[in-house]
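# Structural features, examined
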Amino acid sequence: MKLSYSIFLLSSLIFTGCACKKSNTKSTNTGSTVPIEPVKTEVAFWLTKGDQSQLLSKQNIALNFSDATNANPTIEVDPNTSFQSIDGFGYTLTGGSASLINALPAADKDKLLNELFGTADNAIAVSYLRVSIGASDLSASAFTYNDLPDGETDENLAKFSLSKEEADLLPILKKIVAINPSIKILGSPWTAPAWMKTNKSLIGGSLKPEYYAAYSKYLIKYIQAMKALGITIDAITPQNEPLHPGNNPSMYMEALDQAKFVKVLGPAFQAAGITTKIIVYDHNADKPEYPIAILNDAEAKKYVDGSAFHLYAGNISALTQVHNAHPDKNIYFTEQWVGGPSNFSEDLKWHVSTLIIGATRNWSRNVLEWNLAADPNYNPHTDKGGCTTCLGAITIAPAVSRNVAYYVIAHASKFVKPGSIRIASNIVGNLQNVAFKTPDGKTVLIVCNNNNSDTSFNIKYNGKIVTSSLEKDAAATYVW
(Lines give C-alpha, C1' and ligand atoms only; values in the text may rest on other atoms or scores of the structure.)
Protein backbone atom coordinates (compact mmCIF):
# COMPACT_ATOMS: atom_id res chain seq x y z
CA MET A 1 0.00 0.00 0.00
CA LYS A 2 1.58 3.28 -1.07
CA LEU A 3 0.45 6.31 0.89
CA SER A 4 1.96 9.76 0.81
CA TYR A 5 2.65 12.65 3.09
CA SER A 6 4.85 15.72 3.40
CA ILE A 7 7.88 16.12 5.60
CA PHE A 8 6.45 17.87 8.55
CA LEU A 9 8.77 18.86 11.37
CA LEU A 10 10.57 22.20 11.47
CA SER A 11 14.29 22.49 11.94
CA SER A 12 13.63 23.83 15.43
CA LEU A 13 13.00 20.21 16.45
CA ILE A 14 16.47 19.15 15.34
CA PHE A 15 18.13 16.85 17.85
CA THR A 16 15.66 17.53 20.62
CA GLY A 17 15.29 13.78 21.00
CA CYS A 18 12.09 11.90 20.39
CA ALA A 19 8.93 13.89 20.94
CA CYS A 20 8.10 11.79 23.96
CA LYS A 21 8.41 14.38 26.68
CA LYS A 22 5.46 16.47 27.70
CA SER A 23 6.37 19.86 29.11
CA ASN A 24 6.58 19.75 32.89
CA THR A 25 5.87 23.46 33.29
CA LYS A 26 2.91 25.76 32.73
CA SER A 27 2.70 29.50 32.19
CA THR A 28 1.21 31.84 34.78
CA ASN A 29 -0.45 35.18 34.14
CA THR A 30 2.78 36.85 35.25
CA GLY A 31 4.70 35.25 32.41
CA SER A 32 6.65 32.89 34.67
CA THR A 33 6.38 29.11 34.67
CA VAL A 34 5.70 26.66 37.45
CA PRO A 35 6.18 22.90 37.41
CA ILE A 36 3.18 20.75 36.48
CA GLU A 37 2.60 18.18 39.18
CA PRO A 38 2.52 14.68 37.62
CA VAL A 39 -0.77 12.98 38.38
CA LYS A 40 -0.84 9.63 40.07
CA THR A 41 -1.78 7.03 37.49
CA GLU A 42 -1.65 3.26 37.25
CA VAL A 43 -1.50 3.39 33.46
CA ALA A 44 1.11 5.46 31.59
CA PHE A 45 -0.13 6.78 28.24
CA TRP A 46 1.83 7.99 25.16
CA LEU A 47 -0.08 9.62 22.32
CA THR A 48 0.46 10.57 18.66
CA LYS A 49 -2.31 12.46 16.86
CA GLY A 50 -2.90 12.61 13.14
CA ASP A 51 -2.65 16.41 13.21
CA GLN A 52 0.82 16.11 14.81
CA SER A 53 -0.14 18.19 17.82
CA GLN A 54 1.02 15.26 19.94
CA LEU A 55 4.01 13.19 18.83
CA LEU A 56 4.77 10.23 21.08
CA SER A 57 3.92 12.57 23.95
CA LYS A 58 3.48 11.22 27.46
CA GLN A 59 0.11 12.34 28.79
CA ASN A 60 -0.33 13.71 32.31
CA ILE A 61 -3.68 11.98 32.81
CA ALA A 62 -4.87 9.82 35.70
CA LEU A 63 -5.83 6.38 34.38
CA ASN A 64 -6.62 4.14 37.32
CA PHE A 65 -8.37 0.76 37.28
CA SER A 66 -11.69 0.51 39.10
CA ASP A 67 -14.87 -1.55 39.38
CA ALA A 68 -16.88 1.12 37.51
CA THR A 69 -19.18 0.15 34.66
CA ASN A 70 -20.31 2.05 31.57
CA ALA A 71 -21.54 1.48 28.02
CA ASN A 72 -18.22 2.18 26.26
CA PRO A 73 -16.67 -0.41 23.94
CA THR A 74 -14.23 -2.46 26.01
CA ILE A 75 -10.86 -3.84 25.02
CA GLU A 76 -10.24 -6.79 27.30
CA VAL A 77 -6.61 -7.80 27.74
CA ASP A 78 -6.14 -11.44 28.73
CA PRO A 79 -2.65 -12.18 30.09
CA ASN A 80 -3.48 -15.89 30.38
CA THR A 81 -3.68 -16.39 26.62
CA SER A 82 -0.32 -15.94 24.94
CA PHE A 83 1.06 -16.19 21.42
CA GLN A 84 4.51 -15.54 19.87
CA SER A 85 7.61 -14.01 21.38
CA ILE A 86 8.77 -10.66 20.00
CA ASP A 87 12.27 -10.10 18.58
CA GLY A 88 11.99 -6.36 18.01
CA PHE A 89 10.91 -3.36 15.96
CA GLY A 90 12.97 -1.17 13.65
CA TYR A 91 14.03 -0.17 10.15
CA THR A 92 16.40 -1.02 7.33
CA LEU A 93 19.75 0.71 7.66
CA THR A 94 20.24 1.11 3.92
CA GLY A 95 23.59 2.12 2.49
CA GLY A 96 22.12 5.53 1.78
CA SER A 97 20.84 5.85 5.35
CA ALA A 98 24.29 5.02 6.68
CA SER A 99 26.03 7.55 4.44
CA LEU A 100 23.65 10.36 5.45
CA ILE A 101 23.98 9.61 9.16
CA ASN A 102 27.74 9.18 8.96
CA ALA A 103 28.10 12.59 7.30
CA LEU A 104 26.65 14.36 10.34
CA PRO A 105 29.00 16.15 12.76
CA ALA A 106 30.30 13.68 15.33
CA ALA A 107 28.33 15.03 18.29
CA ASP A 108 25.07 15.18 16.30
CA LYS A 109 25.65 11.70 14.92
CA ASP A 110 26.17 10.21 18.37
CA LYS A 111 23.15 12.03 19.77
CA LEU A 112 20.92 10.78 16.95
CA LEU A 113 22.12 7.18 17.23
CA ASN A 114 21.58 7.21 20.99
CA GLU A 115 18.08 8.59 20.44
CA LEU A 116 17.29 5.82 17.96
CA PHE A 117 18.95 2.83 19.62
CA GLY A 118 19.40 3.80 23.26
CA THR A 119 17.07 3.33 26.23
CA ALA A 120 17.12 6.76 27.88
CA ASP A 121 13.84 8.63 28.40
CA ASN A 122 14.31 10.55 25.15
CA ALA A 123 15.21 7.42 23.13
CA ILE A 124 12.99 5.04 21.15
CA ALA A 125 15.00 1.84 21.75
CA VAL A 126 15.02 0.38 18.21
CA SER A 127 15.79 -3.30 18.70
CA TYR A 128 15.88 -4.83 15.20
CA LEU A 129 17.67 -3.74 12.02
CA ARG A 130 17.74 -5.00 8.48
CA VAL A 131 20.78 -4.39 6.28
CA SER A 132 21.44 -5.25 2.67
CA ILE A 133 24.13 -7.79 1.83
CA GLY A 134 25.82 -5.73 -0.85
CA ALA A 135 23.91 -2.79 -2.29
CA SER A 136 20.16 -2.26 -2.11
CA ASP A 137 18.24 0.07 -4.39
CA LEU A 138 18.75 2.74 -1.70
CA SER A 139 22.51 2.65 -2.11
CA ALA A 140 24.23 5.26 -4.25
CA SER A 141 25.28 2.56 -6.73
CA ALA A 142 24.83 -1.18 -7.28
CA PHE A 143 27.54 -3.56 -6.07
CA THR A 144 28.21 -6.87 -4.36
CA TYR A 145 31.14 -8.01 -2.26
CA ASN A 146 32.64 -10.03 -5.11
CA ASP A 147 32.36 -8.00 -8.30
CA LEU A 148 34.67 -9.18 -11.09
CA PRO A 149 35.53 -8.17 -14.65
CA ASP A 150 33.41 -9.80 -17.35
CA GLY A 151 34.40 -13.41 -17.95
CA GLU A 152 36.06 -13.96 -14.57
CA THR A 153 34.83 -16.25 -11.81
CA ASP A 154 35.93 -16.74 -8.21
CA GLU A 155 34.30 -19.85 -6.80
CA ASN A 156 36.58 -19.87 -3.76
CA LEU A 157 35.64 -16.24 -3.05
CA ALA A 158 39.30 -15.24 -2.79
CA LYS A 159 38.41 -11.67 -3.81
CA PHE A 160 35.49 -11.30 -1.38
CA SER A 161 35.67 -7.93 0.37
CA LEU A 162 33.53 -5.63 2.51
CA SER A 163 35.68 -2.68 1.47
CA LYS A 164 32.76 -0.79 -0.09
CA GLU A 165 31.08 -0.66 3.34
CA GLU A 166 34.10 0.67 5.21
CA ALA A 167 33.30 4.35 4.62
CA ASP A 168 29.78 4.47 6.09
CA LEU A 169 27.82 1.31 6.87
CA LEU A 170 30.37 -0.47 9.03
CA PRO A 171 31.24 2.58 11.19
CA ILE A 172 27.55 3.25 11.83
CA LEU A 173 26.78 -0.40 12.59
CA LYS A 174 29.67 -0.53 15.06
CA LYS A 175 28.29 2.52 16.86
CA ILE A 176 24.81 0.99 16.95
CA VAL A 177 26.11 -2.30 18.37
CA ALA A 178 28.05 -0.36 21.01
CA ILE A 179 24.81 1.37 22.07
CA ASN A 180 22.71 -1.82 21.93
CA PRO A 181 24.89 -4.95 21.91
CA SER A 182 21.84 -7.23 21.79
CA ILE A 183 20.24 -5.67 18.71
CA LYS A 184 19.11 -8.25 16.16
CA ILE A 185 20.38 -7.71 12.61
CA LEU A 186 18.87 -9.32 9.50
CA GLY A 187 20.93 -9.41 6.30
CA SER A 188 19.14 -9.52 2.93
CA PRO A 189 20.89 -9.65 -0.46
CA TRP A 190 19.37 -7.82 -3.41
CA THR A 191 21.50 -9.91 -5.80
CA ALA A 192 24.28 -12.44 -6.05
CA PRO A 193 27.47 -11.32 -7.82
CA ALA A 194 26.81 -10.95 -11.55
CA TRP A 195 29.22 -13.71 -12.51
CA MET A 196 27.01 -16.23 -10.68
CA LYS A 197 23.88 -15.25 -12.62
CA THR A 198 22.19 -16.29 -15.84
CA ASN A 199 22.32 -12.79 -17.36
CA LYS A 200 25.71 -11.68 -15.93
CA SER A 201 23.99 -8.53 -14.61
CA LEU A 202 23.22 -7.09 -11.17
CA ILE A 203 19.65 -6.46 -12.38
CA GLY A 204 17.34 -9.43 -12.90
CA GLY A 205 18.54 -12.84 -13.98
CA SER A 206 18.66 -15.90 -11.76
CA LEU A 207 21.31 -17.70 -9.72
CA LYS A 208 22.88 -20.53 -11.73
CA PRO A 209 22.56 -23.90 -9.94
CA GLU A 210 26.25 -24.57 -10.51
CA TYR A 211 26.98 -21.57 -8.27
CA TYR A 212 24.73 -22.57 -5.35
CA ALA A 213 27.79 -23.71 -3.40
CA ALA A 214 29.77 -20.57 -4.28
CA TYR A 215 26.87 -18.32 -3.27
CA SER A 216 26.54 -20.24 0.00
CA LYS A 217 30.22 -19.59 0.61
CA TYR A 218 29.64 -15.90 -0.22
CA LEU A 219 26.97 -15.62 2.48
CA ILE A 220 29.15 -17.52 4.96
CA LYS A 221 32.09 -15.21 4.31
CA TYR A 222 29.78 -12.22 4.85
CA ILE A 223 28.58 -13.50 8.21
CA GLN A 224 32.13 -14.35 9.28
CA ALA A 225 33.54 -11.01 8.15
CA MET A 226 30.83 -9.11 10.03
CA LYS A 227 31.41 -11.23 13.13
CA ALA A 228 35.12 -10.41 13.00
CA LEU A 229 34.12 -6.74 13.20
CA GLY A 230 31.93 -7.35 16.25
CA ILE A 231 28.66 -7.36 14.28
CA THR A 232 26.51 -10.47 14.70
CA ILE A 233 24.10 -11.28 11.87
CA ASP A 234 21.15 -12.94 13.58
CA ALA A 235 19.43 -14.04 10.36
CA ILE A 236 19.62 -13.83 6.59
CA THR A 237 17.13 -14.18 3.79
CA PRO A 238 18.42 -15.84 0.60
CA GLN A 239 16.96 -13.09 -1.58
CA ASN A 240 15.11 -9.80 -1.14
CA GLU A 241 11.86 -9.72 -3.14
CA PRO A 242 12.67 -12.80 -5.26
CA LEU A 243 9.68 -12.18 -7.56
CA HIS A 244 10.72 -8.58 -8.40
CA PRO A 245 13.56 -8.76 -10.96
CA GLY A 246 13.19 -5.15 -12.12
CA ASN A 247 14.79 -3.48 -9.11
CA ASN A 248 18.40 -2.25 -9.21
CA PRO A 249 19.98 -4.48 -8.01
CA SER A 250 17.71 -7.56 -8.07
CA MET A 251 17.59 -11.29 -8.76
CA TYR A 252 14.69 -13.58 -9.67
CA MET A 253 14.27 -16.76 -7.64
CA GLU A 254 11.22 -19.01 -7.83
CA ALA A 255 10.06 -20.93 -4.76
CA LEU A 256 11.30 -24.33 -5.91
CA ASP A 257 14.68 -22.82 -6.78
CA GLN A 258 14.90 -21.19 -3.36
CA ALA A 259 14.11 -24.55 -1.77
CA LYS A 260 16.91 -26.16 -3.81
CA PHE A 261 19.32 -23.40 -2.78
CA VAL A 262 18.37 -23.70 0.91
CA LYS A 263 19.21 -27.41 0.71
CA VAL A 264 22.75 -26.38 -0.25
CA LEU A 265 22.99 -23.32 2.03
CA GLY A 266 21.74 -25.08 5.18
CA PRO A 267 24.37 -27.85 5.19
CA ALA A 268 27.06 -25.29 4.26
CA PHE A 269 26.09 -23.19 7.30
CA GLN A 270 26.25 -26.27 9.52
CA ALA A 271 29.64 -27.31 8.18
CA ALA A 272 31.00 -23.82 8.82
CA GLY A 273 29.54 -23.65 12.32
CA ILE A 274 27.19 -20.82 11.31
CA THR A 275 24.14 -20.46 13.59
CA THR A 276 22.62 -17.52 11.69
CA LYS A 277 18.95 -18.21 10.96
CA ILE A 278 17.72 -18.77 7.39
CA ILE A 279 14.42 -16.98 6.74
CA VAL A 280 12.79 -17.62 3.36
CA TYR A 281 10.72 -15.57 0.90
CA ASP A 282 11.10 -11.88 2.02
CA HIS A 283 8.39 -10.62 -0.34
CA ASN A 284 4.72 -9.67 -0.56
CA ALA A 285 1.85 -11.26 1.34
CA ASP A 286 -0.04 -11.99 -1.89
CA LYS A 287 2.00 -15.16 -2.44
CA PRO A 288 1.79 -17.22 0.76
CA GLU A 289 2.14 -20.30 -1.43
CA TYR A 290 5.81 -19.36 -2.01
CA PRO A 291 7.07 -19.92 1.56
CA ILE A 292 4.60 -22.79 2.04
CA ALA A 293 6.11 -24.56 -0.99
CA ILE A 294 9.58 -24.30 0.54
CA LEU A 295 8.39 -25.46 3.95
CA ASN A 296 6.52 -28.35 2.35
CA ASP A 297 9.91 -29.67 1.23
CA ALA A 298 10.93 -31.64 4.32
CA GLU A 299 14.63 -31.49 3.50
CA ALA A 300 14.61 -27.72 2.98
CA LYS A 301 12.34 -27.10 5.96
CA LYS A 302 14.80 -28.44 8.52
CA TYR A 303 17.21 -25.60 7.70
CA VAL A 304 14.57 -22.83 7.74
CA ASP A 305 13.70 -20.75 10.80
CA GLY A 306 10.69 -19.04 9.22
CA SER A 307 9.25 -16.80 6.51
CA ALA A 308 9.47 -13.04 5.94
CA PHE A 309 6.91 -10.72 4.35
CA HIS A 310 6.38 -7.29 2.81
CA LEU A 311 2.94 -5.79 2.13
CA TYR A 312 3.04 -3.98 -1.20
CA ALA A 313 0.46 -6.56 -2.30
CA GLY A 314 -1.79 -9.00 -0.48
CA ASN A 315 -3.37 -8.98 2.96
CA ILE A 316 -1.63 -9.12 6.32
CA SER A 317 -3.78 -12.16 7.21
CA ALA A 318 -1.63 -14.23 4.83
CA LEU A 319 0.97 -14.39 7.62
CA THR A 320 -1.46 -16.44 9.67
CA GLN A 321 -2.13 -18.67 6.66
CA VAL A 322 1.57 -19.53 6.52
CA HIS A 323 1.74 -19.92 10.30
CA ASN A 324 -1.21 -22.32 10.25
CA ALA A 325 0.41 -24.39 7.47
CA HIS A 326 3.66 -24.69 9.43
CA PRO A 327 3.08 -23.58 13.04
CA ASP A 328 6.53 -24.78 14.08
CA LYS A 329 8.17 -22.07 11.92
CA ASN A 330 8.42 -18.36 12.69
CA ILE A 331 6.89 -15.38 10.91
CA TYR A 332 8.62 -12.02 10.30
CA PHE A 333 7.61 -8.71 8.75
CA THR A 334 10.68 -7.18 7.15
CA GLU A 335 9.74 -4.20 4.94
CA GLN A 336 7.14 -1.53 4.21
CA TRP A 337 7.85 1.86 2.69
CA VAL A 338 6.29 5.26 3.23
CA GLY A 339 6.03 7.06 -0.10
CA GLY A 340 6.77 10.73 -0.14
CA PRO A 341 5.44 13.34 -0.07
CA SER A 342 2.82 11.89 2.19
CA ASN A 343 -0.18 12.29 4.48
CA PHE A 344 0.91 11.94 8.11
CA SER A 345 -2.53 11.15 9.50
CA GLU A 346 -3.38 8.46 6.95
CA ASP A 347 0.08 6.90 7.10
CA LEU A 348 0.06 6.83 10.89
CA LYS A 349 -3.32 5.10 10.99
CA TRP A 350 -2.55 2.58 8.24
CA HIS A 351 0.94 1.62 9.38
CA VAL A 352 0.11 1.30 13.08
CA SER A 353 -3.12 -0.60 12.40
CA THR A 354 -1.86 -2.84 9.60
CA LEU A 355 1.75 -3.46 10.63
CA ILE A 356 2.45 -2.79 14.32
CA ILE A 357 -0.94 -4.25 15.23
CA GLY A 358 -1.85 -6.34 12.16
CA ALA A 359 1.47 -8.11 11.61
CA THR A 360 1.94 -9.00 15.28
CA ARG A 361 -1.68 -10.19 15.57
CA ASN A 362 -0.81 -12.45 12.62
CA TRP A 363 2.17 -14.06 14.37
CA SER A 364 5.04 -11.82 13.28
CA ARG A 365 7.97 -11.67 15.71
CA ASN A 366 9.07 -8.28 14.41
CA VAL A 367 7.94 -5.26 12.39
CA LEU A 368 10.37 -3.32 10.20
CA GLU A 369 9.65 -0.14 8.31
CA TRP A 370 11.83 0.46 5.23
CA ASN A 371 14.63 3.02 5.04
CA LEU A 372 15.83 4.69 8.20
CA ALA A 373 16.99 7.89 6.48
CA ALA A 374 16.85 9.81 3.22
CA ASP A 375 17.58 13.37 2.13
CA PRO A 376 14.77 15.79 1.14
CA ASN A 377 14.90 14.52 -2.47
CA TYR A 378 14.66 10.83 -1.41
CA ASN A 379 18.32 10.23 -2.20
CA PRO A 380 20.57 8.32 -2.34
CA HIS A 381 19.24 5.56 -4.59
CA THR A 382 20.52 3.59 -7.55
CA ASP A 383 19.79 4.70 -11.11
CA LYS A 384 17.32 2.87 -13.37
CA GLY A 385 15.35 0.92 -10.84
CA GLY A 386 16.09 2.44 -7.44
CA CYS A 387 13.23 3.86 -5.37
CA THR A 388 12.85 7.57 -6.18
CA THR A 389 10.16 8.43 -3.59
CA CYS A 390 11.07 6.41 -0.49
CA LEU A 391 10.69 8.70 2.50
CA GLY A 392 12.94 7.86 5.41
CA ALA A 393 11.86 7.53 9.02
CA ILE A 394 14.07 10.58 9.36
CA THR A 395 15.04 13.20 6.80
CA ILE A 396 18.60 14.52 6.89
CA ALA A 397 18.93 17.87 5.16
CA PRO A 398 21.55 17.93 6.94
CA ALA A 399 19.20 19.09 9.70
CA VAL A 400 17.24 16.11 11.04
CA SER A 401 13.44 15.86 11.05
CA ARG A 402 11.38 12.91 12.20
CA ASN A 403 8.75 11.51 9.86
CA VAL A 404 5.77 9.25 10.36
CA ALA A 405 7.65 5.92 10.27
CA TYR A 406 9.75 7.16 13.19
CA TYR A 407 6.63 7.41 15.36
CA VAL A 408 5.01 4.26 13.97
CA ILE A 409 7.94 2.15 15.12
CA ALA A 410 8.56 4.15 18.31
CA HIS A 411 5.07 3.40 19.63
CA ALA A 412 6.20 -0.24 19.83
CA SER A 413 10.01 -0.25 20.08
CA LYS A 414 10.17 2.05 23.09
CA PHE A 415 7.88 -0.16 25.17
CA VAL A 416 7.74 -3.71 23.74
CA LYS A 417 11.19 -5.02 24.54
CA PRO A 418 12.69 -8.10 22.87
CA GLY A 419 11.44 -11.19 24.65
CA SER A 420 7.98 -9.71 25.18
CA ILE A 421 5.07 -12.09 24.53
CA ARG A 422 1.95 -11.13 22.65
CA ILE A 423 -1.13 -11.72 24.77
CA ALA A 424 -4.79 -11.77 23.85
CA SER A 425 -6.95 -8.67 23.36
CA ASN A 426 -10.20 -8.25 21.46
CA ILE A 427 -10.90 -5.87 18.57
CA VAL A 428 -14.00 -3.84 19.37
CA GLY A 429 -15.60 -0.83 17.69
CA ASN A 430 -12.83 -0.47 15.07
CA LEU A 431 -10.30 0.22 17.82
CA GLN A 432 -7.42 -1.76 16.35
CA ASN A 433 -5.13 -2.99 19.12
CA VAL A 434 -2.52 -5.49 20.24
CA ALA A 435 -1.21 -6.34 23.71
CA PHE A 436 2.07 -7.66 25.08
CA LYS A 437 3.60 -8.79 28.35
CA THR A 438 7.18 -7.52 28.66
CA PRO A 439 10.10 -9.37 30.27
CA ASP A 440 9.92 -7.03 33.29
CA GLY A 441 6.26 -7.86 33.88
CA LYS A 442 4.67 -4.77 32.32
CA THR A 443 1.60 -4.93 30.12
CA VAL A 444 1.67 -2.88 26.91
CA LEU A 445 -1.43 -2.12 24.84
CA ILE A 446 -1.13 -0.31 21.50
CA VAL A 447 -4.40 1.14 20.16
CA CYS A 448 -5.28 2.97 16.95
CA ASN A 449 -8.66 4.67 16.59
CA ASN A 450 -9.86 3.83 13.09
CA ASN A 451 -13.32 5.27 13.71
CA ASN A 452 -14.45 8.44 11.95
CA SER A 453 -14.90 10.24 15.26
CA ASP A 454 -13.29 10.60 18.66
CA THR A 455 -13.98 7.47 20.72
CA SER A 456 -14.10 6.74 24.43
CA PHE A 457 -13.41 3.14 25.42
CA ASN A 458 -12.47 0.94 28.34
CA ILE A 459 -9.41 -1.18 28.90
CA LYS A 460 -10.32 -4.21 31.01
CA TYR A 461 -7.64 -6.17 32.84
CA ASN A 462 -8.07 -8.70 35.64
CA GLY A 463 -11.73 -7.79 36.04
CA LYS A 464 -11.25 -4.03 36.41
CA ILE A 465 -11.50 -1.22 33.86
CA VAL A 466 -9.88 2.08 33.06
CA THR A 467 -11.51 4.53 30.62
CA SER A 468 -9.60 6.47 27.96
CA SER A 469 -10.43 8.42 24.81
CA LEU A 470 -8.69 8.83 21.47
CA GLU A 471 -9.30 11.26 18.65
CA LYS A 472 -9.94 9.70 15.26
CA ASP A 473 -6.73 8.55 13.52
CA ALA A 474 -4.76 8.79 16.78
CA ALA A 475 -2.39 6.08 18.00
CA ALA A 476 -1.59 5.40 21.64
CA THR A 477 0.54 3.13 23.78
CA TYR A 478 -0.66 2.27 27.27
CA VAL A 479 1.68 0.71 29.83
CA TRP A 480 0.86 -0.69 33.27
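Throughout this document, residue positions are counted from 1 along each chain, in the order its sequence is written. Totals for whole chains, interfaces and linings use every residue, but because this is a predicted model, local features are given only for residues with pLDDT of at least 70 and side-chain atom pairs only at 80 or more, for both listing and counting. Think of the side-chain values as coming from all heavy atoms in the structure, minus any hydrogens and water.

Here we come to the confidence of the model for the chain. On average, residues of the chain score 94 in pLDDT, and 93% of them reach the 70 mark or higher. pLDDT under 50 marks residues 1-17. Its contacts with residues more than four places away, or in other chains, come to 64 contacts. For every residue, the pLDDT score states the predictor's confidence, bounded by 0 at the bottom and 100 at the top. Any pair of residues with heavy atoms lying within 4.5 Å of one another is described as a contacting pair.

With that settled, the discussion passes to the packing of aromatic side chains. Aromatic rings from Phe, Tyr and Trp, with only the six-membered ring used for Trp, were paired whenever their centres fell within 6.5 Å, and each pair was classed as stacked if the ring planes differed by under 30 degrees, edge-to-face if by over 60, and tilted otherwise. Scanning all chains against the criterion turns up 21 aromatic pairs. Between the aromatic rings of Y145 and Y222, the centroid separation amounts to 5.9 Å while the plane-to-plane angle is 10°, which identifies the pairing as stacked. Here Y145 is found in the loop between β8 (128-133) and α3 (169-179), whereas its partner Y222 is found in helix α4 (residues 212-228), with 77 residues between them in sequence. On the numbers, 4.7 Å between centres and 35° between planes, the contact of Y281 with Y290 is tilted. Think of it in three bands: with a 1.4 Å probe and only protein chains considered, a residue is buried below 20% of the maximum accessible area for its type, exposed above 50%, and partly exposed in between. What makes Y281 buried here is its relative accessible area of 0%. Residue classification places Y290 among the buried residues on the basis of a relative accessible area of 4%. In textbook terms, an aromatic cluster arises when at least three aromatic residues are bridged by ring pairs, as seen for F143, Y145, F160, Y212, Y215, Y218, Y222 and F261. Working definition: helices are DSSP H or I runs of at least four residues, strands are E runs of at least two. Numbering for both runs from the N terminus.

Here we take up the packing of helix α2 (residues 106-117) against α3. Throughout, an axis means a line fitted to C-alpha atoms (over the contacting stretch in the case of helices), and angles, computed between N-to-C directions, take values from 0 to 180 degrees. Put simply, α2 and α3 touch, their axes get as near as 10 Å, and they point 50° apart. Taken together, the axes of α2 and α3 are oblique relative to one another. In this structure, α2 meets α3 at a crossing whose hand is right-handed. Contact with α2, carried on its side by K109, D110, L113, N114 and F117, involves I172, K175, I176 and I179 of α3 and no other residues of that element. Throughout this description, any angle smaller than 35 degrees is read as roughly parallel, any larger than 145 degrees as roughly antiparallel, any in the 65 to 115 degree range as roughly perpendicular, and the remainder as oblique. Crossings are classed by handedness, with left-handed meaning an anticlockwise turn of the near helix from the far one by less than a right angle and right-handed meaning a clockwise turn.

Turning our eyes to something else, we now look at the sheet that holds strand β4 (residues 44-48). The strand order β5-β4-β24-β21-β20-β19-β6-β22-β23 describes an open sheet built from nine strands, whose pairing is mixed. Lying at the two open borders of the sheet, with one neighbouring strand each, are β5 (57-58) and β23 (464-470). Here, a strand pair is defined by DSSP locating no fewer than two bridges between the strands. The pairing of strand β6 (residues 74-85) with strand β22 (residues 455-461) spans four bridges and is parallel. Bridge assignment links T74 to a residue of β22, and that residue is N458. Together, β4, β21 (443-449) and β24 (475-479) form the strand contacts of helix α10 (residues 404-413), whose direction differs from that of β4 by roughly 170°.

Moving on: helix α9 (residues 344-361). In a regular helix each residue adds 1.5 Å, so 18 residues correspond to 26 Å; α9 covers 23 Å between its end C-alpha atoms and thus fits that length. Here the bend at each residue means the angle between axes fitted to two seven-residue stretches, the one ending at that residue and the one beginning there. If you look at α9, its biggest bend is around 30°, right at V352. Taking burial as the measure, the 18 residues of α9 include 16 buried ones, the bulk of the element. The residue sitting at the N-terminus of α9 and contributing the capping side-chain oxygen is N343; that oxygen lies 3.1 Å from the backbone nitrogen of S345. Positive backbone phi, at 85°, marks W363, one or two positions downstream of α9. Each helix should span, by expectation, one fewer than its residue count multiplied by 1.5 Å. What qualifies as a polar contact is a pair of N or O atoms within 3.5 Å, subject to a donor-acceptor requirement within protein and to the restriction that residues adjacent in sequence count only when both atoms come from side chains.

A word on the pairing of β22. Counting buried positions along β22 yields five of seven residues, so the element is predominantly enclosed. Counting the residues between successive antiparallel strands, the hairpin from β22 to β23 contains two residues, one of them, N462, with a positive phi of roughly 50°.

With that settled, consider the environment of L148. Locating L148 in the fold gives a position in the loop between β8 and α3. Judged by its relative accessible area of 17%, L148 falls in the buried class. Along the backbone, L148 and P193 are 45 residues apart, and their C-alpha atoms lie at a distance of 8.2 Å. Once you skip the residues sitting within four places of it in the chain, L148 turns out to touch T153, D154, K159 and W195.

On to the state of the cysteines. Criterion for a disulfide: a pair of cysteine sulfur atoms at a distance within 2.5 Å. This model, assessed by the stated rule, comprises one disulfide. C387 shares a disulfide with C390; S-S distance 2.1 Å. Here the S-S torsion is close to 105°, and the disulfide linking C387 with C390 is therefore right-handed. Summarising the burial analysis for this pair, C387 and C390 share the class buried.

Oppositely charged side chains may form a pair once their charged atoms are brought near each other. Salt bridge, as used here: a side-chain nitrogen of Lys or Arg that lies within 4 Å of a carboxyl oxygen of Asp or Glu. Applying the stated criterion across every chain, the model contains 15 salt bridges. Between K164 and D147 there is a salt bridge, with the nearest N and O atoms lying 3.5 Å from each other. Taken together, the residues span a long stretch of sequence, with K164 in the loop between β8 and α3 and D147 in the loop between β8 and α3 at a distance of 17 residues. With a relative accessible area of 49%, K164 lands in the partly exposed category.

For K414, the location among the structural elements is in the loop between α10 and β19 (421-425). One buried charged residue, K414, remains without a salt bridge, the closest side chain of opposite sign being D121 at 5.7 Å. Of the polar contacts made by the side chain of K414, one reaches the backbone oxygen of D121; its length is 2.8 Å. Note that His is not counted, nor are the chain ends; the positive residues are Lys and Arg, and the negative ones are Asp and Glu.

Within the element layout of this structure, E335 appears in strand β13 (residues 330-335). Taking the C-alpha atoms as reference points, E335 and N284, 51 residues apart in sequence, are found 9.2 Å from one another. Not counting the four nearest positions on each side in its chain, E335 is found in contact with R130, W190, N240, E241, F309, H310, L311, Y312, L368 and W370. Separated by 2.9 Å, the side chains of E335 and R130 make a polar contact.

Taking burial as the measure, the five residues of strand β7 (residues 88-92) include five buried ones, the bulk of the element. Sheet analysis places β7 next to strand β15 (residues 364-371), joined by four bridges and oriented parallel. Across the sheet, the residue bridging to T92 is N371, located in β15. Two strands pair when backbone bridges link them, and β7 and β8 are joined in this way by three bridges, in the parallel orientation. Looking at the pairing, Y91 lines up with L129 of β8.

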